[in-house]
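# Structural features, examined
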Amino acid sequence: MIDQYRPTAAIHATPRELADWIGGQLLDAESAPERLDGMAVLSEAGPTDISFAANEKALGEARESKAGMLILSAKLDLPGRPRIIVQEVWAAVAVVLAKLYPQPVAPAGIHPTAVVDPSARIDQAASVGPYCVIGPNCVVAEGAILGPHCILDHDCVVGKGTRLSARVTCMGPVRIGERCILHPGTVLGADGFKFELVGGRPLKIPQVGMVVIEDDVELGANTCVDRPFLNETRIGRATKIDNLVQIAHNVRIGQGCMMAAQVGIAGSTQVGDGCLLGGNAGLRDNIKVGNRAIIGANSGVHRDVKDGEAVVGSPVMPFREFWRMTAIQERLPELMKRLKVVEQKVNKE
Amino acid sequence: MIDQYRPTAAIHATPRELADWIGGQLLDAESAPERLDGMAVLSEAGPTDISFAANEKALGEARESKAGMLILSAKLDLPGRPRIIVQEVWAAVAVVLAKLYPQPVAPAGIHPTAVVDPSARIDQAASVGPYCVIGPNCVVAEGAILGPHCILDHDCVVGKGTRLSARVTCMGPVRIGERCILHPGTVLGADGFKFELVGGRPLKIPQVGMVVIEDDVELGANTCVDRPFLNETRIGRATKIDNLVQIAHNVRIGQGCMMAAQVGIAGSTQVGDGCLLGGNAGLRDNIKVGNRAIIGANSGVHRDVKDGEAVVGSPVMPFREFWRMTAIQERLPELMKRLKVVEQKVNKE
Amino acid sequence: MIDQYRPTAAIHATPRELADWIGGQLLDAESAPERLDGMAVLSEAGPTDISFAANEKALGEARESKAGMLILSAKLDLPGRPRIIVQEVWAAVAVVLAKLYPQPVAPAGIHPTAVVDPSARIDQAASVGPYCVIGPNCVVAEGAILGPHCILDHDCVVGKGTRLSARVTCMGPVRIGERCILHPGTVLGADGFKFELVGGRPLKIPQVGMVVIEDDVELGANTCVDRPFLNETRIGRATKIDNLVQIAHNVRIGQGCMMAAQVGIAGSTQVGDGCLLGGNAGLRDNIKVGNRAIIGANSGVHRDVKDGEAVVGSPVMPFREFWRMTAIQERLPELMKRLKVVEQKVNKE
């Protein structure tokens, strides 16, 4: 029903202009097209398209590609092809995409339909979209963007250049740093799930702490970061979190972590800097994960994880042990039979 | 506090009218009530209720049921009871439910509170609800319904007869086909989770591709379908997806698949036609699942899956092997003891 | 970038006032500060702060704490320290938090931006926030609070004193009892995922039943409770459910259960009273879980669970068996080697 999609570039570039954008070295330009019309993956690029290879495997595909211009590194070069050599291929690709396919700019100012409490301070260079609701004592800094339907309950601070794309809800107090991106449906500051059994019945403990999101964090669609009992739930600088992730009350995440979709981290657990968490990994409450740890997809983490440790499984174990274990696991029925044979022989003697 | 609920039928039917609705054969009608008041499950149906049996087990319950009228198939019949025999019991049930309990009709037109960009094209026979926000270059086709609080960011197309029930958010470009149903909280087109390590730090790669939802697709509440880097993330015709599902950037799903709640599919993975995915199943990135594959609940799929293959577990294995393996797994402590006994005997000799 | 957060108390209290609030016995008050400024966890409390110890481990920390006032029980006492002895420490803490850090009060009345159908009945002492949309035949009872952007589709009842914090969506019919709390992004009453294969293609079965939420229930952010085919999906009194949980169509949950984040319960499954479900646990469709059952985190429940049974794993087994099994699982490669040695010895003889 719907044909294969290709985005349309807002502007076009000559090979020379392209090389200038990304500070690269233009080579074998004589066989390049005069004008480059867009960027495409190697297998789909045509003679007026830019494409790129950032690793060995892609280089093989690049050889076969019809792309009119390639972005490559000196290490992975294709002499003879029109190309631009750069230090960091992905950094160059990011620049080209931003130039060719610029995102719509949100106009500064407060949309007339937004409901803003008189005590809120909205910077003149911020953008507040249709039907936003901004409550008492909120602050929206310079260059911050609130897309349509965002809610800042009370005592929420949105830092400079941060973008709440649409329908983000913050139940105060919440502090969001600078240059963050929050995708639609994100909920910050809902009450932590803290009940204590009193007389055999669950008693709700008021959650009066704060959610803190440091600078350069990205939070995916429909992800939740809960408000703690006292103190903070904190996501460290430059940590990137995917969709549908649960960060419970009083969790502390370090800097520069990456967490795939549907991860869940239970109450008061701490995660260090530079950790990688695979999709759907679950971390129990009150444990500590060190720096640069790697946790495989679908894992159930029931214990502390050390600095640099790489674990997987439910319960988790080191990756190598996991793969050795699961290889034998499938042979359990065979193992059982062989044991029986040995038992019979031994018992007969 | 709240009594057992029974929906109230909007209209009533005689047995003859009922048989006409569903094109079935009315039998033993002389003992049927004159008027049928509603539909109920077998165990709760009374003498003026319609019920049905679509399989062997239900037929047993039907025998005991007080239902005044049964919808049955020729294969699973109950001679003597007032009944209507049809070819497809479930198809008949769907017709009866739609007749007895019609859903409220959304009025055509744009609610005065909707904020619609002048460049958007809304068909006169479309319905746009309160507080919808529709941005530049969007298209809403004939008979499409946008419930309250839907957001079409920019360059979003909603096909004929498609219903965004409430609070659906589309970050453009997004194309949705005809007769689709999107439940509340669905997010289409949030940026794919694509970061590349440059200088040891995650660099965000702009996501400029498109989300494509083909005809007759259903997407559950709070489900996310991400926008890719280039190209498309695509859900094939008549595929049905439950709540809280994550479909990552550049994923391609075939036609007529069914995916239960909390499934997660990582970047660039491809799923064929007619696949069934159980709840909470996770698929890693860059793998291929063939046509008519079955993936059990809670599975972690780490490898390609062939046409017609049925797998379960984490990591996945064929169903039969999984159940044989897990049966022995529980006996591992016993197996260990028996091995020790054999070792001692052997070593003593 | 952002300093450690401490909430600011709305009021201050003398030790005597504090003891009166919680009906406790003030002891060794002569060394207490004249005025208490706030509550803090033991490790962060200063000389004008209140803290508390509710268990043995906390008592050890309390000894080292600089807190100016402690809330303790007679069983876990610290003679010599200024303290208040109460029967239930957590109950006292909840009272103190509510006094010191009161939540903003929502004003009674309907915000002028709310769109309310003339047939809806909103109590004068209810609060309806900005941009709420309330459809035909809805009822909002005395003291109920609808925060910003809530949607009641049609035929939704919200009981006395219940709070929909923000952006909660109910697709009718839905009945919510008294004193419930629903966090942002919750979706009640989206269509159950019920398709029947007719002629090899999935046919949607209309979902015309009701969602019933009994009194004193709490539902977390972005949690979904689906509408059933006929009858009800029901959450029992005082059950507490965390974020991102999926409750499918026709599920029945008993009273006083606690379910951690990302739990998923498939269609028509029944859960008894007082059950505890760990994070990300998945329950298949059409099973029964008895009263007071415990289901561990990340479990895949494929069978009925008896009253009081405690299970974990995927597939589930009793906790003790699970831990014994997993301990040996990691030794599978060793076990395989030992079996080979025994086989060789036996075969040589």
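In case you missed it, the structure is sitting above this.
The structure contained in this document is the topic of the report that follows. (Residues numbered from 1 in each chain as written. Chains lettered and ligands numbered in written order. Predicted model: local features only at pLDDT ≥ 70, side-chain atom pairs only at ≥ 80, totals over all residues.)

## Details of the overall build of chain A
Rules: Under the DSSP-based scheme used, a helix requires at least four consecutive residues in state H or I and a strand at least two consecutive residues in state E, with every element numbered from the N terminus. For the exposure call, what matters is how many other C-beta atoms sit within 10 Å of a residue's own: 20 or more marks it buried, 12 or fewer exposed, and in between partly exposed, using C-beta atoms placed from the backbone.
From N to C terminus, chain A includes five helices and 38 strands. Projecting the C-alpha coordinates of chain A onto the three principal axes gives extents of approximately 85 × 75 × 45 Å. For chain A, the proportion of its 349 residues judged to be buried stands at 54%.

## Remarks on the environment of Leu276(B)
The condition that has to hold: Two residues qualify as a contact pair if the distance between their C-beta atoms, derived from the backbone, is within 7 Å.
Take Leu276(B): it is sitting in strand S32 (residues 276-277). Look past the residues within four positions of Leu276(B) in its chain and what remains in contact with it is Met258(B) and Ile294(B).

## Considering the relation of the copies chain B and chain C
Rules: Here the copies were fitted onto each other by least squares, based on C-alpha atoms from residues at pLDDT of at least 70 in both.
By a simple turn and slide, chain B fits onto chain C: the slide is 0.0 Å along the axis, the RMSD is 0.0 Å, and the turn is 120°. Classification of the inter-copy transformation places it as that of a three-fold axis. When the interface residues of chain B are mapped onto chain C, a mere 16% of them again fall at the interface, so the copies present different faces.

## Observations concerning the sheet that holds strand S4 (residues 69-73) of chain C
All names here are of chain C. Heads up, the condition is: If DSSP finds at least two bridges between two strands, the strands pair. The convention used is that axes are lines fitted to C-alpha atoms, helices contributing only their stretch in contact, and that angles between N-to-C directions extend from 0 to 180 degrees.
An order of S1-S5-S4-S3-S2 is seen for the five strands of this open sheet, with the pairing classed as mixed. Both outer strands of the open sheet, strand S1 (25-27) and strand S2 (38-39), are each paired with one neighbouring strand and no more. With four bridges joining them, S4 and strand S5 (residues 83-86) adopt parallel strand pairing. Among the inter-strand pairings, Ser73 is bridged to a residue of S5, identified as Val86. Contacts between helix H1 (residues 15-22) and the sheet are confined to S1, strand S3 (49-52), S4 and S5, with S5 contributing the most and set at about 10° to the helix. Most of the contacts of helix H3 (residues 89-100) go to S4, to which it runs at about 145°, and overall it touches S2, S3, S4 and S5.

## Quick notes on the interface of chain B and chain A
When the parts come together, some accessible area is lost, and that loss is often what is quoted as the size of the interface. Defined as follows: The nonpolar class holds Ala, Val, Leu, Ile, Met, Phe, Trp, Tyr, Cys and Pro. Asp, Glu, Lys and Arg form the charged class, and all remaining residues, Gly among them, are polar.
Facing 59 residues of chain B, the contacting portion of chain A comprises 56 residues. Of all the secondary structure elements, the ones that give two or more residues to the side of chain B that touches chain A are strand S19 (187-191), strand S20 (195-198), strand S21 (201-204), strand S22 (210-213), strand S24 (224-227), helix H4 (319-329) and helix H5 (332-348) of chain B. Residues belonging to the side of chain B that touches chain A are distributed by class as follows: 30 nonpolar, 14 polar and 15 charged.

## Observations regarding the pairing of strand S37 (residues 310-313) of chain B
Residues and elements named next belong to chain B. Relative to S37, strand S35 (residues 294-295) runs parallel, the two sharing two bridges. Across the sheet, the residue bridging to Ile295 is Val311, located in S37. In this structure, S37 lies alongside strand S38 (residues 316-318), joined through three bridges in antiparallel fashion. Note that in S38 the partner of Val311 across the bridge is Pro318.

## A short note on the packing of helix H4 (residues 319-329) of chain A against helix H5 (residues 332-348) of chain C
The following threshold applies: We call two directions roughly parallel when the angle between them is under 35 degrees, roughly antiparallel when it is over 145, roughly perpendicular when it lies between 65 and 115, and oblique otherwise.
As a packed pair, H4(A) and H5(C) sit with axes 8 Å apart at the nearest point and diverge in direction by 50°. Relative to H5(C), the element H4(A) lies oblique. Where H4(A) abuts H5(C), its residues Arg324(A), Met325(A), Ile328(A) and Gln329(A) lie against Leu332(C), Pro333(C) and Met336(C). Across the contact of H4(A) with H5(C), the residue classes tally to five nonpolar, one polar and one charged.

## Overview of the sheet that holds strand S2 (residues 38-39) of chain B
Hydrogen bonds along the backbone pair up the strands of a sheet, which may run parallel or antiparallel. Residues and elements named next belong to chain B. Here five strands make up an open sheet; going across it, the order is S1-S5-S4-S3-S2 and the pairing mixed. Each edge of the sheet is formed by a strand with only one pairing partner; in this case those strands are strand S1 (25-27) and S2. In the packing of helix H3 (residues 89-100) onto the sheet, the strands contacted are S2, strand S3 (49-52), strand S4 (69-73) and strand S5 (83-86), and the crossing angle to S4 comes to about 145°.

## Description of the interface of chain B and chain C
With 56 residues of chain B at the interface, the matching set in chain C holds 59 residues. Contributing elements (two or more residues each) for the side of chain B that touches chain C: H3, H4 and H5 of chain B. When residues of the side of chain B that touches chain C are assigned to their parent elements, the largest contribution, seven residues, is made by H5(B). Looking at the side of chain B that touches chain C residue by residue, the class counts come to 33 nonpolar, 16 polar and seven charged.

## Let's talk about the environment of Gly109(B)
Residue and element names in this part refer to chain B. Its location among the elements puts Gly109 in strand S6 (residues 109-110). You can call Gly109 partly exposed: it has 13 C-beta atoms within 10 Å. In this structure, the C-alpha to C-alpha distance between Gly109 and Ile122, residues 13 residues apart in sequence, is 8.7 Å.

## Comments concerning the pairing of S3(B)
Residues and elements named next belong to chain B. Formally: For crossovers, right-handed means that the path from the first strand over the helix to the second runs clockwise, given strands pointing away from the viewer.
Residues Asp49 and Ser51 point to one face of S3 and Ile50 and Phe52 to the other, with burial holding for every one of them. Strand direction decides the pairing type here: S2 and S3, joined by two bridges, are parallel. Paired with Gly38 across the two strands is Asp49, which belongs to S3. The pairing of S3 with S4 spans three bridges and is parallel. Among the inter-strand pairings, Ile50 is bridged to a residue of S4, identified as Met69. The parallel pair S3 and S4 is bridged by helix H2 (residues 56-64), and the resulting crossover is right-handed.

## Describing unusual backbone geometry
Cis peptide bonds are those with omega within 30 degrees of zero, and the linkage from Ser314(A) to Pro315(A) qualifies with 5°. In this structure, Pro315(A) sits in the loop between strand S37 (310-312) and strand S38 (317-318). For Gln262(B), which is not glycine, the phi torsion reads 70° and is therefore positive. Among the secondary structure elements, Gln262(B) is positioned in the loop between strand S29 (258-259) and strand S30 (264-265). For Gln262(B), a count of 31 C-beta atoms within 10 Å translates into the label buried. Residue Asn280(C) is not a glycine yet carries a positive backbone phi of 70°. Secondary-structure assignment places Asn280(C) in the loop between strand S32 (276-277) and strand S33 (282-283).

## Regarding the environment of Ala94(A)
Looking at the element boundaries, Ala94(A) is found in helix H3 (residues 89-100). Sequence-wise, Ala94(A) and Ile22(A) are 72 residues apart; in three dimensions their C-alpha atoms are separated by 9.4 Å.

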